[in-house]
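Each chain, letter by letter, is given below.
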Amino acid sequence: PSPSSFVGENDNKNVIVEKGHVDAVSRGDFVLQCAEEGGLKRSGGIGDVLAGTISAYMAWNSIIERGNEGCKQQRAFAVWTACCTVKRATKLAFENKRR
């Protein structure tokens, strides 16, 4: 199922990520897609790397959000940025090491 299928369950406080050829990030009815090209080899543990990257970006986002309402979708953008970062990193790693 795509994140958009969880829209009814998502109360706009949670960010849902679906990894795939095109990653989908959803917060409520707001959906972003990361079509960044990843590495040609799907290495184990990339989901763990993504989880750590999301955690770091969300922590930075929390610092930025303190005392500032800003854009309500900032968290979704932070997660989307993490998805794009990991995909780009895996592509560069494959290009450099061919593995």
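Residues numbered from 1 in each chain as written. Predicted model: local features only at pLDDT ≥ 70, side-chain atom pairs only at ≥ 80, totals over all residues. Heavy atoms only, no water.

Draft legend 1. Summary view of the packing of aromatic side chains. Enumeration over the complete set of coordinates arrives at two aromatic pairs. Residues Phe30 and Phe77 carry aromatic rings whose centres are separated by 5.6 Å and whose planes lie at 70° to one another, so their mutual orientation is edge-to-face. Taken together, the residues Phe30 in strand S3 (residues 30–34) and Phe77 in helix H2 (residues 74–97) connect sequence positions 47 residues apart. Take Phe30: its relative accessible area is 25%, and that puts it in the partly exposed class. The class for Phe77 is partly exposed, based on a relative accessible area of 34%. Ring geometry for Tyr57 against Trp60: centres 5.3 Å apart, planes inclined by 25°, an arrangement best described as stacked. Pair noted here: Tyr57 and Trp60 are both in helix H1 (residues 46–65), with a separation of three residues, about one helical turn. (Phe/Tyr/Trp six-rings, centres within 6.5 Å; stacked < 30°, edge-to-face > 60°. Helix = DSSP H or I, 4+ residues; strand = E, 2+ residues; numbered from the N terminus. Buried < 20%, exposed > 50% of the residue type's maximum accessible area, 1.4 Å probe, protein only.)

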